[in-house]
2 protein chains.
Amino acid sequence: MSRSSSQKQQRQKILLEKIKYDPFLTDEELADFFKVSVPTIRLDRLELGIPELRERIKHVAESNQEKLKSIEGKEFIGELIDLQLGQSAISLMETNSSMAFEKTHIIRGHYIYSLAETLAIAVIDAQVALVGIANIKYKIPVYSGAKLVAKAEVKESKRNRFIVWVKIYEKNVEVFRGKFILVTVQK
Amino acid sequence: MSRSSSQKQQRQKILLEKIKYDPFLTDEELADFFKVSVPTIRLDRLELGIPELRERIKHVAESNQEKLKSIEGKEFIGELIDLQLGQSAISLMETNSSMAFEKTHIIRGHYIYSLAETLAIAVIDAQVALVGIANIKYKIPVYSGAKLVAKAEVKESKRNRFIVWVKIYEKNVEVFRGKFILVTVQK
């Protein structure tokens with residue numbers, strides 16, 4: 001195997017990992033990271049069968065929304081890109097100035113909270129789930145334009161009571177974390 | 001003093017108190033409570049100089065929004081009917097079906113959270129205040145159509161760190177409570 005083809009193999013392997021952890025990465029950012037050209041990244045994506053950013057998000061969001069149980073697709077806040085019912089879920093949200101305080105351009109807490117709460121409910125494998133208690137922490141101010149990745153994990157599930165942790169990241173830096181205690185109720 | 005005029009005096013005294021604690025009370029509800037006719041309640045309001053429900057809310061909300069420091073009037077969620085900067089605040093929100101889960105008609109938590117968070121920020125006597133930590137509890141499910149009264153109280157204020165309690169009631173029953181730790185930042 002030539003040196004360049006093994007380099008390519010390694011790059012594609014890392015590229016897959018990177019996109020998995022941060023689905024918001026653009027071709028430009030990937031090219032910059034790997035110190036290759038944008039067309040090289042496009043070729044990598046083609047070979048790996050990974051669609052372009054917007055398509056990628058749209059496609060996975062649609063297919064995941066069909067799996068939702070405790071929440072209707074149109075009620076979902078953010079874009080759902082992964083859902084393992086009863087276990088874990090990932091969603092995305094692009095922030096904009098309409099979500100920010102006018103004075104500071106800092107995203108208002110309740111938009112971040114809504115992203116987290118929606119995901120915490122969505123991950124529960126039940127028809128109806130409600131938040132009972134939430135302990136949340138905003139770690140770093142998030143500014144207008146930030147692209148957020150939310151990850152939920154079910155930590156405990158006993159009969160009708162669930163504990164879900166949600167962490168929200170911007171460029172792999174944790175900006176928010178919340179512990180949600182949910183209960184399921186008869187419909 | 002005749003018996004009926006002393007009865008009237010007492011009724012008006014209680015009426016003032018009742019409206020103070022639950023500004024959403026309609027003339028019909030008050031008439032029902034006092035076992036008098038609706039016109040009698042209207043007369044009482046006229047004599048006491050208390051406007052009709054909608055006017056009452058609109059008027060106080062407008063005059064209070066002018067006092068806001070940490071949040072712009074148009075950014076406020078709910079209607080602000082009382083604001084003692086640095087001490088306490090009261091706001092109202094009428095819920096509707098657009099805020100509820102389709103399946104259950106239960107109001108989604110993040111709408112209630114937004115009402116509470118906004119009030120917690122508004123009560124701080126500073127140009128910019130952000131939530132750092134929030135511990136919240138949804139006590140009873142709130143159904144579409146419920147009229148909510150949120151009350152915030154500043155419990156602690158040390159330099160740039162504040163603890164604010166927000167309790168939300170429906171018909172004087174507590175449906176939500178939250179402890180918010182806020183920090184003020186340089187603009």
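Residues numbered from 1 in each chain as written. Chains lettered and ligands numbered in written order. Predicted model: local features only at pLDDT ≥ 70, side-chain atom pairs only at ≥ 80, totals over all residues. Heavy atoms only, no water.

Draft legend 1. A look at the overall build of chain A. Within chain A, the secondary structure is distributed over five helices and six strands. Taken over the C-alpha atoms alone, chain A extends approximately 60 × 40 × 25 Å along its principal axes. Counting over 187 residues, chain A shows a buried share of 47%. Considering only contacts within chain A whose residues lie at least 6 apart along the sequence, 59% involve residues at least 24 apart. If you sum the accessible surface of chain A, you get close to 9,700 Å²; carbon and sulfur atoms cover 50% of it. Measuring between centres, the 30 positive side-chain charges of chain A sit 6 Å from its 24 negative side-chain charges. (Helix = DSSP H or I, 4+ residues; strand = E, 2+ residues; numbered from the N terminus. Buried < 20%, exposed > 50% of the residue type's maximum accessible area, 1.4 Å probe, protein only. Contact = heavy atoms within 4.5 Å. Areas by Shrake-Rupley, 256 points an atom, 1.4 Å probe, with all protein chains shown as cover. Lys, Arg positive; Asp, Glu negative; His and termini not counted. Charge placed at Lys NZ, Arg CZ, Asp CG, Glu CD.)

Draft legend 2. Structural view of the relation of the copies chain B and chain A. When chain B is fitted to chain A, the residual RMSD is 0.0 Å, and the transformation amounts to a turn of 180° plus an axial shift of 0.0 Å. Such a combination of turn and shift is consistent with a two-fold rotation axis. Across chain B, the smallest distance between a C-alpha and the rotation axis is recorded for Asn135 of chain B, namely 2.2 Å. Interface overlap between copies is the fraction of interface residues in one copy that are interface residues in the other; for chain B against chain A it reaches 100%, indicating a shared surface. (Least-squares fit on C-alpha atoms with pLDDT ≥ 70 in both.)

Draft legend 3. The arrangement of the layout of surface pockets in detail. In this structure, the largest pocket spans a volume of roughly 580 Å³. Looking at the largest pocket, it is lined by 23 residues, and the ones nearest its centre are Lys20, Pro23, Ile81, Asp82 and Ile90 of chain A. Only helix H1 (3-21), helix H4 (53-65), strand E1 (79-84), strand E2 (88-94), strand E4 (147-158) and strand E5 (161-170) of chain A provide two or more residues apiece to the lining of the largest pocket. Partitioning the lining of the largest pocket into residue classes produces 14 nonpolar, two polar and seven charged. Here the lining of the largest pocket spans two domains, since at least three of its residues come from each of domain 1 (3-50) and domain 2 (64-184) of chain A. Here the second largest pocket is characterised by a volume of approximately 370 Å³. Around the second largest pocket, the lining comprises 16 residues; the ones closest to its centre are Ile19, Lys20, Tyr21, Pro23 and Ile81 of chain B. Listed by contribution, the elements that provide at least two residues to the lining of the second largest pocket are helix H1 (3-21), helix H4 (53-65), strand E1 (79-84) and strand E2 (88-94) of chain B. (1 Å grid on protein atoms, 1.4 Å probe; cavity = no way out; pocket = protein on both sides within 12 Å on 5 of 7 lines; lining within 4 Å. Points joined across faces, edges and corners; volume = space filled by probe spheres on them. Nonpolar A, V, L, I, M, F, W, Y, C, P; charged D, E, K, R; others polar. Domains from an automatic or database assignment.)

Draft legend 4. Region of the structure containing the packing of helix H2 (residues 27-34) of chain A against helix H3 (residues 38-48) of chain A. All names here are of chain A. Between H2 and H3, whose axes approach to 8 Å, the crossing angle comes to 105°. Taken together, H2 and H3 sit at an angle that is classed as roughly perpendicular. The segment H2 lies against H3, with Asp27, Glu28, Leu30, Ala31 and Phe34 engaging Val38, Ile41, Arg42 and Arg45. Of the residues in the contact of H2 with H3, the class split is five nonpolar, no polar and four charged. (Axes fitted to C-alpha atoms, helices over the stretch in contact; angles between N-to-C directions. Parallel < 35°, antiparallel > 145°, perpendicular 65-115°, else oblique.)

Draft legend 5. Here's a closer look at the domain arrangement of chain A. Residues and elements named next belong to chain A. Domains assigned within chain A are domain 1 (3-50) and domain 2 (64-184). Each of domain 1 and domain 2 has a C-alpha centre, and the two are 28 Å apart. Both sides together, the interface formed by domain 1 and domain 2 hides about 650 Å², and carbon and sulfur atoms give 65% of it. When residues of domain 1 are sorted by the area they lose upon contact with domain 2, Tyr21, Pro23 and Phe24 head the list and together hold 74% of the total. The interface formed by domain 1 and domain 2 includes one salt bridge. Summed over the shared surface of domain 1 and domain 2, the number is one residue pair in polar contact (both at pLDDT 80 or more). (Buried area = accessible area lost by both parts, 1.4 Å probe. Salt bridge = Lys/Arg side-chain N within 4 Å of Asp/Glu carboxyl O. Polar contact = N/O pair within 3.5 Å; in protein donor to acceptor, adjacent residues only side chain to side chain.)

Draft legend 6. The arrangement of the packing of aromatic side chains in detail. Residues and elements named next belong to chain B. Summed over all chains, the structure comprises seven aromatic pairs over all chains. Ring plane angle 65° and centroid distance 5.3 Å describe the contact between Tyr138 and Phe176, whose orientation is recorded as edge-to-face. Remark: Phe176 occurs in strand E6 (residues 173-184) and Tyr138 occurs in strand E3 (residues 129-138); sequence separation between them is 38 residues. On the accessibility criterion, Tyr138 (12% relative accessible area) is buried. (Phe/Tyr/Trp six-rings, centres within 6.5 Å; stacked < 30°, edge-to-face > 60°.)

Draft legend 7. Local environment of the pairing of E1 of chain A. Residue and element names in this part refer to chain A. By the bridge criterion, five bridges tie E1 to E2 in an arrangement that is antiparallel. Among the inter-strand pairings, Leu83 is bridged to a residue of E2, identified as Ala89. Between E1 and E2, which pair antiparallel in sequence order, lie three residues; one of them, Gly86, sits at a positive phi of approximately 80°. (Pairing = 2+ DSSP bridges.)

Draft legend 8. View of the side chain of Arg108 of chain B. You can see Arg108 of chain B is positioned in the loop between E2 and helix H5 (109-122). Although buried, Arg108 of chain B forms no salt bridge, and the nearest oppositely charged side chain, Glu75 of chain A, lies 5.0 Å from it. Within the local environment of Arg108 of chain B, its side chain forms a polar contact with the backbone oxygen of Glu75 of chain A, the two atoms lying 2.7 Å apart. Apart from the residues lying within four places of it in its own chain, the contact partners of Arg108 of chain B are Ile71, Glu75, Ile77 and Thr118 of chain A together with Met99, Ala100 and Phe101 of chain B.

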